[in-house]
Structure formats: structure tokens, C-alpha cells
Amino acid sequence: LEIYKDLCKYIGPFPIIIEIYTKEFHMSAFLGHIHYWLYRKIQLLVERENLILEKTTKVVDDLAEELHSISVDTYGEPINPSIPLENIIDHNNIHGWLSNQINIASVREAAFIKDMLDTNADENAIHVVTAILDAFAVQGQACGVVAQDSLEEHTAPAIYNALQNFYVNGMPCDGGDQIVEDSADRFTWVGDHRLQAGYWRTAGVDPKFMMLAYQTWFEAFVKAIDPEFELITTEDNGTRLYTIAKK
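Rules of the game
Residues numbered from 1 in each chain as written. Predicted model: local features only at pLDDT ≥ 70, side-chain atom pairs only at ≥ 80, totals over all residues. Heavy atoms only, no water. Salt bridge = Lys/Arg side-chain N within 4 Å of Asp/Glu carboxyl O. Helix = DSSP H or I, 4+ residues; strand = E, 2+ residues; numbered from the N terminus. Buried < 20%, exposed > 50% of the residue type's maximum accessible area, 1.4 Å probe, protein only. Axes fitted to C-alpha atoms, helices over the stretch in contact; angles between N-to-C directions. Parallel < 35°, antiparallel > 145°, perpendicular 65-115°, else oblique. Left-handed = near helix turned anticlockwise from the far one by under 90°. Contact = heavy atoms within 4.5 Å. Nonpolar A, V, L, I, M, F, W, Y, C, P; charged D, E, K, R; others polar. Polar contact = N/O pair within 3.5 Å; in protein donor to acceptor, adjacent residues only side chain to side chain.

Draft legend 1. Quick peek at the pattern of salt bridges. The tally for this structure, following the rule as stated, stands at five salt bridges. Two residues, glutamate 109 and arginine 48, come together in a salt bridge whose shortest N-O distance is 2.7 Å. Here glutamate 109 is found in helix H5 (residues 94-119), whereas its partner arginine 48 is found in helix H3 (residues 33-60), with 61 residues between them in sequence. Between lysine 114 and aspartate 118 there is a salt bridge, with the nearest N and O atoms lying 2.6 Å from each other. Taken together, the residues span about one helical turn, with lysine 114 and aspartate 118 both in helix H5 at a distance of four residues. By relative accessible area, which is 23% here, lysine 114 ends up partly exposed.

Have a look at this one:
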């Protein structure tokens with residue numbers, strides 16, 4: 001956490017990341033570790049959306065806030081990341097509430113990005129794209145720094161598992177990624193984003209841009225958690241592959 005505090009001087013604070021790893025969450029009889037694990041990732045998703053808003057506002061001023069308000073009006077208010085799960089969740093529908101929050105947050109972020117890209121096709125376009133990708137990179141880096149403390153071993157599979165603790169990749173029952181290679185120095189999975197693609201279709205955002213944004217997040221995370229590894233993106237007969245590889 002001292003490393004993270006130093007990092008904040010340069011990239012700005014991520015309060016929920018500190019909250020995740022310093023606060024002891026109260027576990028009620030109805031909530032288990034996996035529910036808090038999912039909620040923490042939803043909180044991070046909301047914080048990234050707010051970071052995108054912050055960075056794009058510096059480029060297009062009030063237009064970013066206007067477009068974000070449209071996404072909020074259409075898909076619902078973001079949760080307050082500071083509210084403990086037990087104080088906000090529907091205890092009668094735990095699984096359904098978490099699944100719905102993932103859907104709302106994922107679609108709202110994608111819709112906001114779509115509107116930012118569609119509305120700024122002039123000389124601001126490159127600056128808007130840069131601001132959005134920078135938000136993904138900054139959060140990925142911050143998460144990677146925090147994840148260093150819990151990295152049990154410096155291997156590619158361990159880094160992949162650590163990555164799964166920080167970004168929304170569906171519900172546990174959704175099956176996860178398709179693994180292609182699994183060794184200490186290389187870990188490869190299919191990068192089709194099948195668990196995010198449905199949200200992108202609903203929002204109407206360009207999936208190629210969203211894949212680039214997630215790739216940017218992955219690259220920053222891997223570089224931050226262990227500089228001896230890197231994220232490599234390739235294609236094999238039209239199939240996108242992500243590989244965490246030792247340099």
C-alpha cells in the first residue's frame with residue numbers, strides 16, 4: 001500500500017482500491033466471500049467510468065458530463081462505491097442483484113464511450129480516444145501495483161489469476177475464458193471477450209475499440225504487477241489471443 005500511495009502522487013487516487021485491501025468486510029450469514037469479490041470488481045468498474053468522465057472532461061469540457069448524464073438516464077445511476085455491500089444488496093436476490101449491477105455498469109460505461117467517440121469526430125477525436133485509453137491504462141496500472149502484495153508466485157498463471165480479481169469477467173457461473181496455453185512462463189487465453197461482447201452490443205459501441213481499451217488495461221496491469229512479464233496480443237486464424245509471457 002505504500003507503493004500505491006506513492007503512485008497516487010502521479011496518477012491520482014483510487015480510493016476503492018485502498019478500501020478493497022484495507023477494510024475488513026462484515027460477512028453476514030447470507031453473503032460469502034465470492035459476493036464481496038464480485039462487488040469489489042463492480043466498484044472498480046464504476047470508478048473507471050468516473051475516471052473516463054474526468055479525463056474526457058479535460059478535453060471537451062461540459063460535453064462529457066452531458067453525454068455521461070444521458071448514459072445514466074438511460075441505464076441507471078452508478079452505485080456509490082463507498083457503500084458496503086451488505087447495506088446495498090437485495091438480500092432476497094443476491095445473485096440476481098450482482099448480475100444486474102454488472103450488466104448496468106458494463107453497458108453504461110460502453111454507451112458513454114460510444115457517445116464520446118461518435119460525438120467527437122472532429123479535431124478532438126484523437127484527444128478523446130487518448131483520454132479514454134489513458135483511463136483504462138491508469139486504472140490497470142494502479143490495480144497491478146496493488147496486486148503485487150497478494151501475488152503468491154511470479155509465474156504467468158499467477159498473474160492471470162491476479163488479473164481476474166480486478167476486472168469484471170462475467171459471473172462465476174459463466175465459465176470464464178478459454179485457456180490455450182498454461183505454463184510457468186506463458187499463459188494464453190482466447191481474447192474474444194465473449195463475456196463483455198453482449199454489453200457492447202447493447203450499447204452499440206465499436207467492439208474493436210473496446211477490445212483495444214481492455215488490451216490497454218491488461219498491458220498496464222501486467223507491467224505493473226511484475227515488470228519481468230508482458231501482455232502480448234496476437235491472432236491465430238482470426239482468433240484473438242492474449243498471452244502473459246516472461247520477457
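Don't stop here, the text continues.
Draft legend 2. The arrangement of the packing of helix H7 (residues 156-163) against helix H9 (residues 207-225) in detail. In contact at an axis separation of 11 Å, H7 and H9 are set at 125° when each is read in the N-to-C sense. Overall, the two elements H7 and H9 adopt an arrangement that is oblique. In terms of crossing hand, the pair formed by H7 and H9 is right-handed. Seen from H7, the contacting residues are Ile159, Ala162 and Leu163; seen from H9, they are Trp217, Phe218, Phe221, Val222 and Ile225. Split into classes, the residues belonging to the contact of H7 with H9 amount to eight nonpolar, no polar and no charged.

Draft legend 3. Just the environment of histidine 91, in detail. Tracing the chain through its elements places histidine 91 in the loop between helix H4 (62-75) and H5. Overall, the relative accessible area of 33% leaves histidine 91 in the partly exposed class. Between the alpha carbons of histidine 91 and phenylalanine 30 there is a distance of 7.2 Å; along the sequence they are 61 residues apart. Engagement of the side chain of histidine 91 in a polar contact is seen with the backbone oxygen of glutamate 86, the distance being 3.0 Å.

Draft legend 4. Expanded view of the environment of glutamate 219. Inspection of the secondary structure assignment puts glutamate 219 in helix H9. The partly exposed category is assigned to glutamate 219, whose relative accessible area is 32%. Sequence separation between glutamate 219 and glutamate 230 is 11 residues, and the spatial gap between their C-alpha atoms is 6.8 Å.

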